[in-house]
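Residues per chain, in single letters:
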Amino acid sequence: MTRSDLVEELAKRLSQLNRRSVEPAVKTILDAMNDTLVRGNRIEIRGFGSFSINHRLPRIGRNPRSGESVAIPKKRVPHFKPGKALRESVDQRTVQIEQQRKT
């Protein structure tokens, strides 16, 4: 799902709002999430999951073309951990889809 798909879905579900009014709201939410993660803070959305920052230590990697060693610096990367309700929902829906394909 893209950002524009999300805007369309919200506009469809909230009939009192049009696409033009939903678009800035979605942008504001995503910008706030981005800013929170940049500051190193955690985001938790109950029933959905949590976003946090993982720290990767510096290491030595290999250039796949030449095979030479390359120093990879330390970095901070975003990480998403789904909540229990989301995991169970996805698993249940996946099983239902697989059963439909078999019949």
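Definitions and cut-offs
Every residue gets a number counted from 1 within its own chain, in the order that chain's sequence is written. Selection of residues for local features in this predicted model requires a pLDDT of at least 70, selection of side-chain atom pairs for listing and counting requires 80 or more, and totals for whole chains, interfaces and linings are taken over all residues. Working from all heavy atoms in the structure, the side-chain values ignore hydrogens and water. DSSP calls a pair of strands paired once it identifies at least 2 bridges connecting them. Secondary structure is summarised from DSSP: a helix means a run of H or I of at least four residues, a strand means a run of E of at least two, and numbering begins at the N terminus for each. Where helices are involved, their axes are fitted lines through C-alpha atoms of the stretch in contact, as for all axes, and angles between N-to-C directions lie from 0 to 180°. By definition in this entry, angles of less than 35 degrees are roughly parallel, angles greater than 145 are roughly antiparallel, angles of 65 to 115 are roughly perpendicular, and the rest are oblique. Put simply, a crossing is left-handed when the front helix is turned counterclockwise from the back one by less than a right angle, and right-handed when it is turned clockwise. Any two residues having at least one pair of non-hydrogen atoms within 4.5 Å are treated as being in contact. Think of it as three bins: nonpolar holds Ala, Val, Leu, Ile, Met, Phe, Trp, Tyr, Cys and Pro, charged holds Asp, Glu, Lys and Arg, and polar takes everything else, Gly as well.

Enquirer: Outline the pairing of strand 4 (residues 69-72), supporting the account with residue identities and numerical values.
Expert: Two faces, one strand: in a regular strand the side chains alternate between the faces of the sheet. With four bridges connecting them, strand 3 (residues 59-62) and strand 4 associate as antiparallel partners. Residue Gly61 lies in a different strand from strand 4, and its bridge partner there is Val70. Here strand 3 folds back onto strand 4 in antiparallel fashion, the turn holding six residues, of which Gly67 has a positive phi close to 80°.

Enquirer: Would you mind going over the sheet that holds strand 1 (residues 43-45) in detail, with residue names and values included?
Expert: What links the strands of a sheet is backbone hydrogen bonding, and the strands pair in either a parallel or an antiparallel sense. Strand order across the open sheet formed by three strands is 1-2-5, with antiparallel pairing between neighbours. With one partner strand each, in any of the chains shown, strand 1 and strand 5 (75-82) form the two edges of the open sheet. The sheet shows a mean angle of 25° between the axes of neighbouring strands, direction not considered. Relative to strand 5, strand 2 (residues 49-56) is paired through eight bridges, and the arrangement is antiparallel. Within strand 5, the position partnered with Ile53 by the bridge is Pro78.

Enquirer: Let's hear about the packing of helix 1 (residues 3-13) against helix 2 (residues 19-38): which residues, and what values?
Expert: Interaxial distance between helix 1 and helix 2 falls to 9 Å at its minimum, and their mutual angle equals 125°. When the axis of helix 1 is compared with that of helix 2, the two are oblique. Judged by the twist between their axes, the crossing of helix 1 over helix 2 is right-handed. Here Arg3, Ser4, Leu6, Val7, Glu8, Leu10 and Ala11 of helix 1 lie close against helix 2, whose contacting residues are Arg19, Val22, Glu23, Val26, Lys27 and Leu30. Looking at side-chain class alone, the contact of helix 1 with helix 2 contains seven nonpolar, one polar and five charged residues.

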